[in-house]
Structure formats: structure tokens, C-alpha cells
Amino acid sequence: MTQETEDDIQLNINIGGDHLFLEAKERRGAVRGNRRIKVRRTGNLKASENLEHKHSGGSEKKTNVISQEVKFTEQQHHRNIHHAVGKTADPLSTGVISSLFKNNPEIPKIDRMKVDTVKEEVFSTKFLQDLPLHPFMISSLTQQGFSQLTTVQMMAIPHLLLGRDALIKSQTGSGKTLAYSIPIIQRLQEITPHTKRTDGPLAVIIVPTRELALQSFETFQKLVKPFSWIVPGCLTGGEKRKAEKARIRKGINILVCTPGRLIDHIQHTNSLTLDKVKYLVLDEADRLLELGYEKDVSQIVAALHQQEHHQTVLLSATLSPGVEWLAGMSLQNPERIYASPEESSRNKKDDFVAQESKSDFVIPVNLKQHFVITPCKLRLVTLISFLLGKQKSKGKPCKMIVFLSTQDSVQFHYMLLKFLSSTTISNDKNDVNVDDLSQFQIFQLHGQMDHKERTAAFQKFSKTCSGVLLCTDVASRGLDLPKVEWIVQYTTLGSTTDYIHRVGRTARVGSMGNALLFLMPSETGYIKVLNENKISLEEVAMSDLLKPLLLLVHSMPQFTDTKRQTPHTVEEAATFLQNVCENHVHHNSDMKSLAIKAFQSFVRAYSTYPTSLKSIFHVKNLHLGHLAKSFALREAPSHMSGIQVKPAVKRKKHQDRLQPQSKKKRMQEMSEFSGGIVSSSKKRKEIIIYFPGEYLCSSEFLDRDIY
Ligand SMILES: Nc1ncnc2c1ncn2[C@@H]1O[C@H](COP(=O)(O)OP(=O)(O)OP(=O)(O)O)[C@@H](O)[C@H]1O
């Protein structure tokens, strides 16, 4: 087994059972001069093997088979295999080897915990006709496919029609939007004489994101169809303020907006008067507070409280102590409407305090939740393989959402998948067309996109039947994207609340859905945290997720190129794909800088997990070299621009300066939630990140949005 010798043979190493077969095949064409060896490996690795060496020598057509038994020491064997895999795995001949399957931490065994999940019926036994609604409203809704009421609608609508304040909690996708909008339209259409546009806002709906505002606005547009004199409008920022001012001047009766933008108009738009507002809705109330909007929200509530009594409604699938505080200041004798029977009976008691630990987390019954433990180096190929596998399964591509931790990370993965799906990978010798990846559409959604792009992406993904949406947490709340089959959390935010809202983008209103959570071996403690919060997940093996890659690679024409060996194992296919990605990033300066930014922002975000989860998600647990692979980088960017490297000896001295940004503070930095009024003169701040190992790295982070 002399790979060092220049020879004109191709070695196919086939490790099957206890035997290692080296098959030497004559390369096509004449054999002359210096000869190269190509090596291919299949089968499973064994420490000590018998070796059968078939050698087809020289330019003769006949094959000489030399059979000999060779004993390897374990070390020799690994060296040989490493050499073999390396040669094969480098598809584009850069000489750089991606040893994905070596030196990875062990995947720990997870003990299953018995979890008593909390259940909530989606549909009630009541119908729209059972409610005292205008017949036109009933017929219009029936035509749109709504007739049976969901549980929360059945519980909430009668109370809201009576004009009572309410705090409403029901699982994701249970129809809370109609639960608050139907009573508003019913009451507004009853007003005689008919309301006029010039009456200005009579109802104000506040939601945390632009997309959610747009969605709620569209619901109102459908509801007012029979009542054309009621005018809904949407103010979210992104659009020019002047244009919004003109629309306000013209008259909007139902104002759907993000809090920052509303405050902006309250302060700067004279024609906006809120003295006739009768209904205030704070949807995703806990999120509004999380985003650091307490001040804005309380300012709005206070402004409205100066008027005569109006109805206020707070809603979410999850409640937090902050919502209780908000309920205390904004609601008068509220009705607590909890769709889960267990919570409903508990909340009859007055002493209830909504705390995350006391509030139940309800997951839709038709949602199948999974997790996969993936060593850091293998994250990227596992993700790609999973997405491809699902896009190609049963010949019917599906609709999926992938949550990533930062905007840069979304952008990087988006560009990489785009490249894999639609471009030709070229090197000096071959054009490699990864055409099987071109089957699916890729979308991105995050706060760095401009308003137009963002709206277009959201609407296009809403309408499409298949494709992958890569996004930050901006898409986690309230969005109702039809027919999403899979939610992938490539990184988790840590809190159970965030987990619930993300997975809640599927399995909506009784439909089926699936969720997959990616965890690294060091993060498996998170499963226990979820279990303790009554969330139950099934494990899927990484090897199963990688399997589609082999099929995919086999079906790619470029891999059957005679000059190139077709990968025969999942490991080879994964290594091949990793190398394709690494080569692309390595040879493309834009991609490289995107990958570096994505890597850096990932580490930054990783350092901001709440203290209670630091034992599971701690930046010191990250192996930066391995992490680099997951961004298709060949080395950790601590050696590259953007991060200063300081001697390790100074680490202790600076330890006290490591103040991970609090979530709240981080959220406040997020312009997409701000409605565009965050001052551009935001102060640049510096935080110090301690990378494990030898380096102390410092970087300027906070001038960029994380989400
Ligand atoms: N009575 C109903 N019958 C059938 N479908 C309904 C009904 N009510 C609402 N829906 C549909 O259910 C889906 C989810 O509704 P909605 O977005 O209001 O849920 P949600 O409870 O607000 O979810 P989230 O907590 O994620 O914000 C929407 O597509 C909506 O059109």
C-alpha cells in the first residue's frame, strides 16, 4: 500500500467486514511518465485488516491480480485511510482536506424523560352562526372557509362583544387574530350613522413585527368587505414617513402598527388623533415587552387612557410576568381567557401570577417534535442534507422554515444554498453542475433586508407550495404561513417561549407539522429543560439525516464524471459536499467575508444566552476550528480581519469585562422592531468575547442587528 509512490493506478479501498480490499484499476488512457494515484474508500473502517491488492499494471489491458495479506497497525491503518479519504474527498483538487468525521466529540446518549404534555382542543363545538354577528359577516367568513369556531374564538368573542377587557392565551395557530378582529368589526359596523374615514382611528392594533402587521391588516381587509365604509390601514415603518402621513390624513379607522412607528406618528404627525379610539389590541403582548417596548407601549396605553373608557385586549400563546404587569396597568376588570382547560380552571383563582414557570406551555397535538445531535463540524452538511432530503422526498418538495441565530448567518446560508441550487461550481478543470439542488426555492427574511425585499420575500414564501425560508427570529411570532411542513431550529434561542413560537409556525389550526431542533453534543442538557417544561421530543440520528446526501450525490452527473470517483459512503458524500462548500467560500471573497461575519455573529449571539442556560450554552464550549467548518471556513476567523488577537495571558485580567449583552438590551438594538425610528447615531459599543483556547478576542458588535 504505497500511496507515496507515483504510479498510474487508481486504488479503490473497500473495507468490507474484516477485509480491506485495495483494488487497483487501470486509469483510462495511456499510462506514461509520472503517474498519480486516486484512492477511493467504501465500507466501514476497521483497525486491523487483511489486504487484498489487485493491481492492473502498465498499459496492458489484462489485469494482474496480486493477492497478499498485509497486517496494519492501527496507526498505519488510520494514516492510510486518512490519505485515501483525503484524496477522494477533495473534489476540486485544492489539496485541502476536510476531515469531517474525525476528532468529533462523542454523541451522548439521551435518557428519555416521561413528559406530561398539556393539551388544548383546537376546535370548539360551536359555529359562527351561534354568535350574535351581522349576517353579512357570517356569510363572508363562511365563503372564506370559516364556519366552526376554534376554542379560543368560542371563549373570547362573546366576552369581547360585551366590551370587556381581556387577557387571552391559547396555543399557536389557534385563531387568535379572528378572535379579536371579529368583535371589533361587529361593533364598528353597528355604529350609526356609519363611521367615516375622517373619524380617524377607532381601533388600534399593536404587533411586534412588520410582517405580522401586514398579516393582521389583511385579515381586517377581508373582514370589512361587507362594510366598505370601515377603513383599515397599516403603519409599520420601512415605507416613507411622508406617504404614511398622507394616508393618516386621508383617514384610517383601524390602525394596525408596530409600536415604534405609532409613537413616531403620535409625536410627529399632527393629523393623527387618538381621541376616538375605542379598541386597543396588544397582540403578542409578551414579545412587545421583551423587545424593550415597555416605554412605548405604556406611553400608548397612557395616551389612550386619557380618553373615556375603551376596550383593551392582550393576547399571546405564552405569557410572562411582564404581561401581568401590563395587564395590571392597562386592563380594567379583565376576563382571563385561557383555552387550555387545565389553565382555565387554575386561572379562575385570583391569586394567579403569570410566570414562565407557572404558565403551561401548550404545543399543538399534531406537531411532531424531533431533535438531532450533531458535532459542530458536521452541522452544515447535516443541515443541507436534511433540507435536500425533505425537498426530494416522495418526489414532492415541501415548505420549510429554518431559524438561524443572526442576520449574517441567514445571509451566509442563503447565499450558500443559492449557490448550491443554481450555479455551476467551476474550477480550472471541470464545471460541476449541482443540478439536483436546483429543485427547490430558497428565501430569506431578516432585519437587514430593505422593506421592499422583505415584504416581497414574505409574500412569495406565503404563496409558494414548496421551498425553504431561512430567517432570524423575526419570523417566529404570529406569522401564519400556509402549509409549512417543517420548522428547523438550527440554533435555539434558549427560552422555552421562543421555542414554542418558532415551532408554532407549523401544525396550525389542527394541521400536521414537524419540527427539528439541532443541538451540539455539549448542548444536550437543553432537552431536559424542554422536558421539564412539558415539551417532548424524539431523537433522530444524524446518520439518518445524512443518508439523502449519498443518493443525491449519486444522482449528480458531475460525480459520475470519469475523472472523478463517485462517493460510495455517506461519509464520502458529506466530505465531498463540505469541500464543495469550502472551495466556494475559499475562492470567493464576498462569500468568505459573509462566512466570517456569520461566524463572528454566531459567537456573539452564543455569548448572550441567559445565565440560567450558561451551563448548557457557553461560548467556552465552542470549538472554534470545528465551528469554522460549519461556516465552510477552513480555519477559525480569529486569525482573520475583524477580530484582534491578544495574548492568552491577559485573559484573566479582562475577565471582569465580559458582560454578555442582556437579551432585552440586544433586542432594543433591533431596528426591524423599532419601526425605523432608532437614531442612526447609535453608539458603537465594544464587548469582549473570550474564545476558548488561547485567544482573547475583541470586536465591535453592537452596531449591527443580531436579528
Ligand atoms: N374558525 C376557524 N376555522 C378555520 N381556520 C381558522 C379559523 N380561525 C382561524 N383560522 C385560521 O387559522 C390560522 C391561524 O390563525 P391565527 O394566525 O389567528 O393564529 P394565532 O392563534 O394568532 O397564532 P399565533 O399564536 O402563532 O399568532 C389562520 O390561517 C386562520 O385563517
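Quick notes on the rules
Residues numbered from 1 in each chain as written. Predicted model: local features only at pLDDT ≥ 70, side-chain atom pairs only at ≥ 80, totals over all residues. Heavy atoms only, no water. UniProt positions renumbered as here; feature names shortened; annotations may be inferred. Helix = DSSP H or I, 4+ residues; strand = E, 2+ residues; numbered from the N terminus. Buried < 20%, exposed > 50% of the residue type's maximum accessible area, 1.4 Å probe, protein only. Phe/Tyr/Trp six-rings, centres within 6.5 Å; stacked < 30°, edge-to-face > 60°. Lys NZ or Arg CZ within 6 Å of the ring centre and 35° of its normal. Core = buried A, V, L, I, M, F, W, Y, C linked by side-chain atoms within 4.5 Å. Contact = heavy atoms within 4.5 Å. Disulfide = S-S within 2.5 Å. Near = heavy atom within 4 Å. Polar contact = N/O pair within 3.5 Å; in protein donor to acceptor, adjacent residues only side chain to side chain. Areas by Shrake-Rupley, 256 points an atom, 1.4 Å probe, with all protein chains shown as cover. Pairing = 2+ DSSP bridges. Axes fitted to C-alpha atoms, helices over the stretch in contact; angles between N-to-C directions. Salt bridge = Lys/Arg side-chain N within 4 Å of Asp/Glu carboxyl O.

Under the annotation held in an unreviewed UniProt entry, the protein carries the name ATP-dependent RNA helicase and is attributed to Potamilus streckersoni. Per UniProt, the comment on the protein under Function (unreviewed entry) is "RNA helicase."

Caption draft 1: The overall build of the protein, seen in detail. For the protein, the helix and strand inventory stands at 23 helices and 26 strands. When burial is assessed residue by residue, the protein has 57% of its 707 residues classed as buried.

Caption draft 2: Up close: the packing of aromatic side chains. Scanning the model with the defined rule gives 13 aromatic pairs in all. With a centroid separation of 5.1 Å and 80 degrees between ring planes, the pair formed by Phe386 and Trp486 is classed as edge-to-face. Of this pair, Phe386 sits in helix α12 (residues 379-392) while Trp486 is found in strand β21 (residues 486-489), placing the two residues 100 residues apart along the sequence. Of the two residues, Phe386 and Trp486, both sit in the buried class. Seen in terms of ring centroids, Tyr606 and Phe617 are 6.2 Å apart; in terms of plane orientation they differ by 75 degrees. Their pairing is edge-to-face. On the criterion of sequence distance, the pair formed by Tyr606 in helix α19 (residues 589-606) and Phe617 in the loop between α19 and α20 (624-630) is long-range, its members being 11 residues apart. As far as burial versus exposure is concerned, Tyr606 and Phe617 are alike and both buried. Each residue in the set Phe412, Tyr526, Phe599, Phe602, Tyr606, Tyr609, Phe617 and Phe631 is aromatic and connected to the rest through ring pairs, giving one cluster. We note Arg379 situated over the ring of Tyr490; from NZ or CZ to the ring centre the distance is 4.0 Å. The cationic tip of Lys399 hangs over the ring face of Phe461; the distance from NZ or CZ to the ring centre is 5.1 Å.

Caption draft 3: Layout of the nonpolar core. In this structure, Ile254 and Phe412 are the most contacted members of the largest nonpolar core, which totals 145 residues. Looking at this core, the element that brings in the most residues is α19, giving nine residues. When residues no more than four places from it in sequence are discounted, the contact partners of Ile254 are Ile185, Leu188, Ala203, Ile205, Phe220, Val224, Ile230, Val231, Pro232 and Gly233.

Caption draft 4: Quick peek at the state of the cysteines. Under the criterion given, the structure shown has zero disulfides. Cysteine Cys257 remains unbridged, with the sulfur of Cys234 as its closest cysteine sulfur at 8.1 Å. Cys257 sits in the buried class, given a relative accessible area of 0%. The structure places no disulfide on Cys465, whose sulfur is separated from the nearest cysteine sulfur, that of Cys398, by 12 Å.

Caption draft 5: A look at helix α15 (residues 496-503). Counting buried residues in α15 gives eight out of eight residues, a clear majority hidden from the surface. Listed as buried for α15 are Thr496, Thr497, Asp498, Tyr499, Ile500, His501, Arg502 and Val503.

Caption draft 6: Inspection of unusual backbone geometry at higher detail. Residues Thr192 and Pro193 are joined by a peptide bond in cis, for which omega reads -15 degrees. Unusually for a residue other than glycine, Asn333 sits at a positive phi of about 40 degrees. Following the sequence through the fold, Asn333 ends up in the loop between α10 (321-330) and β14 (335-338).

Caption draft 7: Expanded view of the environment of Thr151. Checked against the element boundaries, Thr151 lands in helix α3 (residues 151-161). On the basis of relative accessibility, which here comes to 11%, the residue Thr151 falls in the buried class.

Caption draft 8: Molecular detail of the site of the ligand. For the ligand, the set of nearby residues contains 19 residues, the closest of which are Gln148, Gln153, Lys176, Thr177 and Asp480. Between the ligand and Gln153, the relevant distance is 2.8 Å, taken from a nitrogen atom to a side-chain nitrogen or oxygen of the residue. A distance of 2.7 Å separates an oxygen atom of the ligand from a polar side-chain atom of Thr177. Contact with the protein chains removes 87% of the 630 Å² of surface that the ligand exposes when unbound. Those elements giving two or more residues to the shell around the ligand turn out to be β7 (148-150) and α4 (176-190). Among the elements that take part in the shell around the ligand, α4 stands out by supplying three residues, more than any other.

Caption draft 9: Geometry of the sheet that holds strand β23 (residues 538-540). Strand order in the open sheet made by the seven strands is β19-β20-β16-β21-β22-β15-β23, with parallel pairing throughout. The sheet is open, and its two borders are formed by β19 (442-445) and β23, each paired with just one other strand. On average, each strand axis in the sheet is tilted by 25 degrees relative to the strand beside it, whichever way the strands run. As paired strands, β19 and strand β20 (residues 467-471) are joined by four bridges and run parallel to one another.

Caption draft 10: Quick peek at the pattern of salt bridges. For the structure shown, the criterion picks out 18 salt bridges. Of the charged contacts in the structure, one is a salt bridge between Arg336 and Glu324, with a shortest N-O distance of 2.6 Å. With Arg336 in strand β14 and Glu324 in helix α10, this residue pair connects regions lying 12 residues apart in the sequence. With relative accessibility at 26%, the residue Arg336 sits in the partly exposed group. As a salt-bridge pair, Arg634 and Glu582 come within 3.5 Å of each other at their nearest N and O atoms. Of the two residues, Arg634 is situated in the loop between α20 and β24 (644-646) and Glu582 in helix α18 (residues 570-586); the sequence distance between them amounts to 52 residues. Overall, Glu582 belongs to the buried group, its relative accessible area being 0%.

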